[in-house]
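Chain residues, written in single-letter form:
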Amino acid sequence: MAADKQNEVKVSPMGEKKEHTSDGGLGLEILQIIKESQQQHGLRHGDYQRYRGYCSRRLRRLRKTLGFKMGNRHKFIGKKITAEMLSDSRYLLMVLMEAERAWSYAMQLKQEANTEPRKRFHLLSRLRKAAKHSENLEKLCESPRVDAKTKLEAQAYTAYLTGMVEFELQEWKPAMEAFNKCKTIYEKLASAFTEEIAVLYRQRVEEISPNIRYCAYNIGDQNAINDLMQMRLTGGGGGMMAEKLEALITQARTKQAATMSEVEWRGRTVPVKMDKARVFLLGLADNEAAVAQASNEETREHLYETLMAECRDTIQAVREELKSEAKQRERSSDPEGGKVSNLQYLHSYLTYIKLCTLVKRNESMAHTLHAKLKEPAADESKRGPRPQDLIRLYDIILQSLAELSTLQGLEDDHAFQKEVSLKTLVYKAYRCFFIAQSYVLVKKWSEALVLYERVLKYAKEVQSKAKNLNNSLKDLPDVQELIAEVSAEKYSLQAAAILDTDESSEAPSQLQVKDNTPLCSRLDTFRLDPSLVGKKPSLVPFPPDFQPIPCKPLFFDLALNHVAFPPLDDKVEQKGKGGLTGYIKGIFGFGS
């Protein structure tokens, strides 16, 4: 019955895990412990110094808990862990942490050795130290007190570190044998346990496979280069192996670069005399094909970064040559100093490649973020993508296009300038679209609606200009899809604005209409007016406004003083003279 009991797992007061098997043997999950420790203490971001500090602190805790003192503060007394001391699995854990500490220090030195070559000697010393500690761990695990699984894991761990040492020393055959031994042990362990435990072993096998193929290539297997290239596309081979693989690819291109002498771009053939530029241009097609075949976004991002780094180094080398060429022209007083030289045109071509790669990289990232933006958030506690993230990407794209239009040698290339201006309009439309969406999130409906109208303006301008430049839109996002999406967003925006106005007791101050124009005078214009749902809606003007009408004409006789009327004496009645009698009658009114 005792043989049927499962393993017991206990935790000490210091938080260390102790494992005891049913038959009294000690157990230690070596690969699981180092993987969890590396991910939680710096190696997720490549910080080997932080992981080394963690290993030192854990060693100190273990020694203090077990009472395994190495002397006192005045004197160091070295002590070794022997098989007779194995009463607790934490003694094995101490040796494992010593090996991990030496290995992490070696990896830290490898990062620094790129700028300080002398540190390579220290790097080899620490790797050998890590391999020595792993051998001590393997010898301790040969004790009958340790279970079979821990023995196998210790052998695989020792083989892995031994292979790392031989790999760094470029001893390809011993390195390949050590890595194959490690791979075989982990494959057998993966087949013997459940799926949850086997995942770790399979991941370690995938990490080792590029190293094995690289060793095989250096031994003489020419078919291994194809496997290495395929591993590069799938994202395999990180850390030390990634640098070795890039160096191998550069070496293979250098051999082919001797046959390349010139390059043609925008109707002009330019001789390429620099070896660095030849190697870069020769591998440009391979890099673009690798990006197109990338299986996931992470691999594609890595390939874009590699391509841009190579392009920047090549541009820097050409720029140095340009400086020396400028000095020679000053001395010789060349009469054709105003003409763009071949070297300057090559510099413009390389800058064009760098900027176009940057545009494609940011466009790929924007496409991925846009797809995630449409998906519902699976976990509300985690911060998902926002429209502001895409605005930043399109800002960088527009800046790159602005630099493209100012390249030397292309100022008079009208077709090129039209293509750049067309691309600028497309990306302006997308940038404006995501700015509008950012305003929608904060419920600024009026600003968002205006920006949507500007997106449509940009899109229609692109469609009108693209009739003469059909080839320029094949690599650009589809503007017609953007127009359809904007049209749908406009209706959603108007509905959301009206619902938001109805639900809120008081409309936000920025949404209120400032003028008193009645509704009947603005039926063709969408505008938020909270007063329409209030007690005194402004529907029609009341009382009606005065309307101007024509008045009666007034005539002024300005010619009266200048008109001579005809005499009317013959028309007037002549009265006779009556004498004194008549005079008296006239006075007293008798005659009237």
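Only a predicted model underlies this, so the values are computations on that prediction, with no experimental measurement involved. For every chain, the first residue of the written sequence is number 1, and numbering continues from 1 onward in sequence order. Reporting of local features is limited, given that this is a predicted model, to residues whose pLDDT is at least 70; pairs of side-chain atoms are given and counted only at 80 or more, and all residues count toward the totals for whole chains, interfaces and linings. Side-chain measures were taken over the full set of non-hydrogen atoms in the model, leaving aside hydrogen atoms and water.

Undergrad: Explain the overall build of the protein to me, using residue names and the numbers behind them.
TA: Each helix and strand counted, the protein has 18 helices and five strands in total. With 592 residues in all, the protein has 39% of them scored as buried. Residue pairs at least 24 apart in sequence account for 64% of intrachain contacts in the protein once pairs closer than 6 positions are excluded. In the form shown here, the protein has an accessible surface area of approximately 36800 Å², with 52% of it arising from carbon and sulfur atoms. Labels follow the DSSP assignment, with helices taken as runs of H or I lasting at least four residues and strands as runs of E lasting at least two, numbered in each case from the N terminus. Partly exposed describes any residue whose relative accessible area lies between the buried limit of under 20% and the exposed limit of over 50%, with all areas from a 1.4 Å probe on protein chains only and scaled to the type maximum. Whether two residues touch is decided by their heavy atoms; if any such pair falls within 4.5 Å, the residues are in contact. Each accessible area is a Shrake-Rupley result for a 1.4 Å probe, and residues are judged covered by the shown protein chains and nothing else.

Undergrad: A description of the nonpolar core should follow, citing residues and the corresponding values.
TA: Remark: nonpolar core denotes a set of buried residues (Ala, Val, Leu, Ile, Met, Phe, Trp, Tyr, Cys) joined through side-chain atoms within 4.5 Å. Counting 67 residues, the largest nonpolar core has Leu281 and Leu346 as the members making the most contacts within it. Here the element with the most residues in this core is helix H15 (residues 414–441); it accounts for 13 residues. Beyond its immediate chain neighbours, meaning those up to four positions away, Leu346 contacts Val263, Val270, Val272 and Leu281. In this structure, Ile33, Ala130, Ala175 and Cys215 belong to the second largest nonpolar core, which totals 62 residues.

Undergrad: Outline unusual backbone geometry, listing residues and values.
TA: The omega angle of the peptide bond from Phe542 to Pro543 is -5 degrees, so this bond is cis rather than trans. In this fold, Pro543 is placed in the loop between helix H17 (479–503) and helix H18 (579–588). Of note, Arg266 is a non-glycine position whose phi angle comes to about 55 degrees, a positive value. Take Arg266: it is sitting in the loop between strand E4 (262–265) and strand E5 (268–271).

Undergrad: Describe the packing of aromatic side chains, naming the residues involved and giving the relevant values.
TA: To pair, rings of Phe, Tyr and Trp, with the six-membered ring standing in for Trp, must have centres within 6.5 Å; the planes then decide the type, stacked if under 30 degrees apart, edge-to-face if over 60, and tilted in the middle. Scanning the entire structure with this criterion turns up 18 aromatic pairs. Ring centres 5.8 Å apart and planes at 75 degrees place the aromatic pair Tyr48 and Trp103 in the edge-to-face group. Of the two residues, Tyr48 is situated in helix H2 (residues 48–66) and Trp103 in helix H3 (residues 90–112); the sequence distance between them amounts to 55 residues. No difference in accessibility class separates Tyr48 from Trp103, as the two residues are buried. Between Phe433 and Tyr452, the ring centres sit 6.0 Å apart and the planes meet at 45 degrees, which makes this aromatic pair tilted. Within this pair, whereas Phe433 is found in helix H15, its partner Tyr452 is found in helix H16 (residues 445–465), the two being separated by 19 residues in sequence. By relative accessible area, Phe433 is classed as buried at 0%. Distance and angle both matter: a charge sits over a ring if NZ of Lys or CZ of Arg is within 6 Å of the ring centre and within 35 degrees of the ring normal. Note that Lys79 overlies the ring of Phe68, its terminal NZ or CZ placed 4.6 Å from the centroid. When the ring centre of Phe193 is taken as reference, the NZ or CZ atom of Lys149 above it lies at 4.4 Å.

Undergrad: Could you give an account of the side chain of Thr158, with specific residues and numbers?
TA: Within the element layout of this structure, Thr158 appears in helix H5 (residues 148–168). Within the local environment of Thr158, its side chain forms a polar contact with the backbone oxygen of Ser134, the two atoms lying 2.9 Å apart. Leaving out residues up to four positions away in the same chain, Thr158 has contacts with Ser134, Glu135 and Glu138. Polar contacts, as counted here, are pairs of nitrogen or oxygen atoms within 3.5 Å of one another; within protein the pair requires one atom able to donate a hydrogen and one able to accept it, and residues that are adjacent in sequence qualify only if both atoms are side-chain atoms.

Undergrad: Please provide a residue-by-residue account of the pairing of E4, values included.
TA: Residues of E4 alternate between two faces, with Val263 and Trp265 buried on one and Glu262 and Glu264 left unburied on the opposite face. For two strands to be treated as a pair, DSSP must find no fewer than two bridges joining them. Sheet analysis places E4 next to E5, joined by four bridges and oriented antiparallel. Residue pairing in the sheet places Trp265 in a bridge with Arg268 of E5. In sequence, E4 turns back onto E5 through a hairpin of two residues, with Arg266 there showing a positive phi of about 55 degrees.

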